[in-house]
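Each chain, letter by letter, is given below.
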Amino acid sequence: IRPWGKTQRSLSTVHLPKKLTAELIAWRKQCSNSSPDAFIFSNEDGGFLDTDNYRKRVLHKLAVKLKLPKLTFQVIRRTIATLAQKKGTVKDVQGLLRHSRTATTTDVYMQEIPESVQATVNSIHRELKARTSVRRRKKTVAASGRQTRKAAPQESAAGKLKGRETSAMSGGKGEEREMSAMVSGKDFGNLLPNATKPAEANSVSL
């Protein structure tokens, strides 16, 4: 109709769904005028459709049928922008609407979807609960491991003592003398109060 648009992006390529493209090709074969300069949808005289006439004749009736407070071309564009939030990136929606600025797409055309907001809240809640459960399980496993390691040496020492007692009871006189020497401290000499090795024996006799 005219060689200029509202912005430079207004005259960019318009992408169509494949299924819609096939339907338009089928429609072109039925048109009385299928020349490249003809309108795809024309009025009775072959001219272009008047937008005000179409809005009053078609869109207003649809609004009443769908119980919508308002239905215009602008409402349809904003609806497409809002639904496209989950279909592609912001730049994709900007290209779809042929806006020159991303802020126009996000701040003016895109609207929040209450159900989507609620779903986002539920998703965050589930993730936080899952992380808390994992941390609690890790703490429980770690605490159980510490208790096991702490109990093991006690059992080992008790086992050794029991083994020595059994050996002393069942062994010969040589083992009895060895046990007696260990008890009397013959091999350790005079140890300092905090000494644990024979090398730390006190050189001064008490």
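Check the entry above for the structure.
Counting restarts for each chain, with residues numbered from 1 along the sequence as it is written. Residue-level local features of this predicted model are given only where pLDDT is at least 70; pairs of side-chain atoms are given and counted only at 80 or more, and the full residue set underlies all totals for whole chains, interfaces and linings. For side-chain calculations, the full set of non-hydrogen atoms in the structure is used, while hydrogens and water are omitted.

Asks: Even after reading the chapter, I still don't get the layout of surface pockets, so can you show me in this structure?
Replies: A water-sized probe, rolled over the atoms, reveals where empty space remains. Only protein atoms enter the 1 Å grid used here. Points where a 1.4 Å probe fits but cannot escape make up a cavity, open sets with protein on both sides within 12 Å along at least five of seven lines make up a pocket, and a residue lines them when an atom lies within 4 Å of a point. Grid points are joined across faces, edges and corners, and a volume is the space filled by probe spheres set on the points. A volume near 2400 Å³ is recorded for the largest pocket. Along the wall of the largest pocket there are 39 residues; nearest its centre are Ser10, Val14, Phe73, Arg77 and Arg98. Per-element tally for the lining of the largest pocket: the top contributor is helix H3 (residues 73-83), with 5 residues. When residue character is reported, Ala, Val, Leu, Ile, Met, Phe, Trp, Tyr, Cys and Pro are called nonpolar, Asp, Glu, Lys and Arg charged, and the others, Gly included, polar. Split into classes, the residues belonging to the lining of the largest pocket amount to 22 nonpolar, 11 polar and 6 charged. Each helix is a run of H or I in the DSSP string that is no shorter than four residues. Each strand is a run of E no shorter than two, and both are numbered from the N terminus.

Asks: Explain helix H4 (residues 90-97) here, please?
Replies: The periodicity of an α-helix, 3.6 residues per turn, causes residues three or four positions apart to be oriented the same way. Throughout this description, buried means an accessible area under 20% of the type-specific maximum (1.4 Å probe, protein chains only), exposed means over 50%, and partly exposed covers the range between. Within the span of H4, buried status applies to Val93, Gln94 and Leu97. Projected down its long axis, H4 carries its buried residues within an arc of 105°, all on one side. Looking at the buried side of H4, the elements it contacts are H3 and helix H5 (102-109). In this context, the arc is that of the directions from the helix axis out to the C-beta atoms. Whether two residues touch is decided by their heavy atoms; if any such pair falls within 4.5 Å, the residues are in contact.

Asks: Even after reading the chapter, I still don't get the pattern of salt bridges, so can you show me in this structure?
Replies: Pairing between side chains becomes possible if they bear opposite charge and their charged atoms approach one another. One speaks of a salt bridge when a side-chain nitrogen belonging to Lys or Arg is within 4 Å of a carboxyl oxygen belonging to Asp or Glu. Per the stated rule, a full pass over the model turns up 2 salt bridges. With its nearest N and O atoms 2.2 Å apart, the salt bridge here joins aspartate 52 to arginine 55. In this pair, aspartate 52 and arginine 55 both sit in helix H2 (residues 51-66), 3 residues apart, roughly one turn of the helix. Two residues, glutamate 127 and arginine 131, come together in a salt bridge whose shortest N-O distance is 2.7 Å. Note that glutamate 127 and arginine 131 are positioned in helix H6 (residues 114-170) at a spacing of 4 residues, about one turn of the helix. Since its relative accessible area comes to 49%, arginine 131 is described here as partly exposed.

Asks: Sorry if this is basic, but what is going on with the environment of lysine 61 here?
Replies: Position of lysine 61 among the secondary structure elements: in helix H2. For lysine 61 and leucine 71, which are 10 residues apart along the polypeptide, the C-alpha to C-alpha distance reads 9.2 Å.

Asks: What is the right way to read the environment of aspartate 50 from this model?
Replies: Looking at where aspartate 50 falls in the secondary structure, it is placed in the loop between helix H1 (18-30) and H2. Of the polar contacts made by the side chain of aspartate 50, one reaches the backbone nitrogen of asparagine 53; its length is 2.9 Å. Polar contact criterion, stated in full: a pair of N or O atoms within 3.5 Å, where within protein one must be able to donate a hydrogen and the other to accept it, and residues adjacent in sequence count only if both atoms are side-chain atoms.

Asks: Any chance you could explain a nonpolar patch on the surface here in plain terms?
Replies: Residues Trp27, Ile40, Phe41 and Leu49 make up a contiguous nonpolar surface patch of roughly 390 Å² in combined accessible area. If you trace the backbone, phenylalanine 41 turns up in the loop between H1 and H2. Nonpolar side chains (Val, Leu, Ile, Met, Phe, Trp, Tyr) within 5 Å and like charges within 9 Å form the patches, drawn only from residues with over 30% relative accessible area and no salt bridge. We get accessible surface area from the Shrake-Rupley algorithm with a probe of 1.4 Å; when it comes to residues, only the shown protein chains can shield them.

Asks: Honestly, H2 in this entry has me stumped. Any pointers?
Replies: What is called the bend at a residue is the angle between a pair of axes, fitted to the seven residues leading up to and ending at it and to the seven starting from it. Along H2, the helix axis deviates most sharply at leucine 59, where the bend reaches about 30°. If you check the start of H2, you find a side-chain oxygen 3.2 Å away from the backbone N of aspartate 52, and it comes from aspartate 50. The positive-phi residue at the C-terminal boundary of H2 is lysine 67, with phi of around 60°.

Asks: For this particular structure, what's the right way to read a positive patch on the surface?
Replies: Side chains of Lys129, Arg135, Arg136, Lys138 and Lys139 sit close together on the surface and give a patch of like positive charge. By the element assignment, arginine 135 lies in helix H6. Positive charges come from Lys and Arg alone, negative charges from Asp and Glu alone, with His and the N- and C-terminal ends not counted. The location of each charge is read from NZ of Lys, CZ of Arg, CG of Asp or CD of Glu.

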